[in-house]
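A closer look at the structure
Here's the letter readout for the chains.
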Amino acid sequence: MMLGRTLLLAAIAMVLHAAYSVYEHLSYLKALGKPEGTLPQDIVVEVIAAMFIGILGASLNNPQLKEITWRSEMKKRKMDEMDARPGFANYTHRGNSLFGVSK
C-alpha cells in the first residue's frame, strides 16, 4: 500500500517536472525567435516513464477486488430479502370520485 502511494507521488512529481521543462524549453525557443520546434527526447521519455510509474502505483494502491458472482452475493443475503414483493396490488384510486369520471 505504501509502495503504491510512493510510486503515485513520484509519477506526479515527474509529470510536474516535465511540464516545467516544457515551459522552459518553449521559453528558450521563443527567446531564440523559433516558435516551432519539437520537444526534446528526455522530456518525452520522462512523461512516458511517469505514465507507466503512475499506472503501476495506481494498481498497487487500489483495494482488494471483490467477487461479483451470484453465489457470493447470495452468501450475504437471505432468500426472503431477494424475493420480497407485495402479494397484491390495488390500482383503484380516488380520482374517479374526485373528478367525477363515470363509466
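Procedures and definitions
Residues numbered from 1 in each chain as written. Predicted model: local features only at pLDDT ≥ 70, side-chain atom pairs only at ≥ 80, totals over all residues. Heavy atoms only, no water. Patch = residues over 30% accessible without salt bridge, like charges linked within 9 Å, V, L, I, M, F, W, Y side chains within 5 Å. Areas by Shrake-Rupley, 256 points an atom, 1.4 Å probe, with all protein chains shown as cover. Salt bridge = Lys/Arg side-chain N within 4 Å of Asp/Glu carboxyl O. Helix = DSSP H or I, 4+ residues; strand = E, 2+ residues; numbered from the N terminus. UniProt positions renumbered as here; feature names shortened; annotations may be inferred. Buried < 20%, exposed > 50% of the residue type's maximum accessible area, 1.4 Å probe, protein only.

Turning next to a nonpolar patch on the surface. On the surface, Leu 39, Val 44, Ile 48, Met 51, Phe 52 and Ile 55 cluster together into a nonpolar patch covering about 540 Å² of accessible area. Counting through the fold element by element, Ile 55 comes out in helix α2 (residues 41-61).

Those residues carrying the UniProt feature "transmembrane region" (unreviewed entry) are residues 45-65 in this numbering. Secondary structure across residues 45-65 comprises 81% helix and 0% strand; the distance between its end C-alpha atoms is 32 Å.

Structurally, Ala 10 is set in helix α1 (residues 2-32). Classification of Ala 10 as partly exposed rests on a relative accessible area of 31%. In this structure the C-alpha to C-alpha distance between Ala 10 and Ala 50, which are 40 residues apart in sequence, comes to 7.7 Å.

What follows concerns the environment of Leu 26. Assignment of secondary structure puts Leu 26 in helix α1. Along the chain, Leu 26 and Thr 38 lie 12 residues apart, while their C-alpha atoms are 9.6 Å from each other.

Here we come to the environment of Ala 19. Tracing the backbone through its elements, the reader meets Ala 19 in helix α1. Accessibility expressed as a relative area gives 46% for Ala 19, which makes it partly exposed. As for Ala 19 and Ile 43, which are separated by 24 residues in sequence, their C-alpha atoms are 8.6 Å apart.

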